[in-house]
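# Reading the structure
Here's the letter readout for the chains.
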Amino acid sequence: MDESRKQFLEFAKKQNLSLAYGDCGYVYSSTEMAWRAWQASRAAIEITAPKFIDSREALAKGFTVDYSNGFGDVMDAYEENIRAAGIKVKE
């Protein structure tokens, strides 16, 4: 279960929404509509990641290749965590 769904379930419990689930979604229309609105609100959020710096560009700016490799690793982890939260990363 992704982080966004977990957050929705916590919200729904606080709102006393029924979490009964059927073949086609939540049994109660109010819960289903809340879930759809939740998804739509998350889909509208989009973050633009900083531009990746390749080795050649890093060297031209006076950085080392290690800097470029480290930056790439950090960016991969950054994007993975944002996606896990249910938010899009604009490429």
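As the structure is a computational prediction, the values presented were derived from the model and not from experiment. (Residues numbered from 1 in each chain as written. Predicted model: local features only at pLDDT ≥ 70, side-chain atom pairs only at ≥ 80, totals over all residues. Heavy atoms only, no water.)

### With respect to the overall build of the chain
Looking only at helices and strands, one finds four helices and four strands in the chain. Each helix and strand of the chain, ordered N terminal to C terminal, gives the series α-β-β-α-β-α-α-β. With the C-alpha coordinates of the chain rotated into their principal frame, the extents come out at 60 × 25 × 20 Å. Of all 91 residues assigned to the chain, the portion counted as buried reaches 25%. Counted over contacts in the chain with a minimum sequence separation of 6, partners at least 24 positions apart contribute 46%. (Helix = DSSP H or I, 4+ residues; strand = E, 2+ residues; numbered from the N terminus. Buried < 20%, exposed > 50% of the residue type's maximum accessible area, 1.4 Å probe, protein only. Contact = heavy atoms within 4.5 Å.)

### Considerations on unusual backbone geometry
One non-glycine residue, Asn16, adopts positive backbone phi at about 60°. In this structure Asn16 comes out as exposed when scored by relative accessible area, which is 69%.

### Observations regarding the pattern of salt bridges
Inspection of the entire model under this criterion finds two salt bridges. Among the salt bridges present, the one from Arg36 reaches Glu32, with a minimum N-O distance of 3.1 Å. Of the two residues, Arg36 and Glu32 are both situated in helix α2 (residues 29-43); the distance of four residues between them amounts to about one turn of the helix. Linking Glu79 and Arg83 is a salt bridge whose minimum nitrogen-to-oxygen distance equals 3.5 Å. One end of the pair, Glu79, and the other, Arg83, are both in helix α4 (residues 65-84), four residues apart, so they sit about a helical turn from each other. For Glu79, a relative accessible area of 16% corresponds to the buried category. According to the relative accessible area criterion, Arg83 is partly exposed, its value standing at 40%. (Salt bridge = Lys/Arg side-chain N within 4 Å of Asp/Glu carboxyl O.)

### Considering the packing of aromatic side chains
For the structure on display, the rule yields six aromatic pairs. A centroid spacing of 5.6 Å and a plane angle of 35° characterise the contact between Phe11 and Trp38, whose relative ring orientation is tilted. Here the residue Phe11 occupies a position in helix α1 (residues 3-14), and Trp38 occupies one in helix α2, the gap between them amounting to 27 residues. Ring geometry for Tyr21 and Tyr26: centres 4.9 Å apart, planes at 90°, overall edge-to-face. Here a set of aromatic residues connected by ring pairs shows up, and it is made of Phe8, Phe11, Tyr21, Tyr26, Trp35 and Trp38. Above the plane of the ring of Trp35 lies Arg5, whose end atom (NZ or CZ) is 4.1 Å from the centre. (Phe/Tyr/Trp six-rings, centres within 6.5 Å; stacked < 30°, edge-to-face > 60°. Lys NZ or Arg CZ within 6 Å of the ring centre and 35° of its normal.)

### Structural notes on α1
Taking 1.5 Å of rise per residue, 12 residues should cover 16 Å, and α1 covers 17 Å from first to last C-alpha, within 8% of that figure. For α1, every residue scored as buried is listed here: Ser4, Arg5, Phe8, Leu9 and Ala12. Across the axial projection of α1, the buried residues extend over an arc of 135°, all falling on one side. Those residues of α1 that are exposed and aimed more than 90 degrees away from the buried face are Lys13 and Lys14. On its buried side, α1 packs onto β1 (21-22), β2 (25-26), α2 and α4. Asn16 sits one or two residues past α1 and shows a positive phi near 60°. (Expected span 1.5 Å × (residues − 1). Arc of directions from axis to C-beta.)

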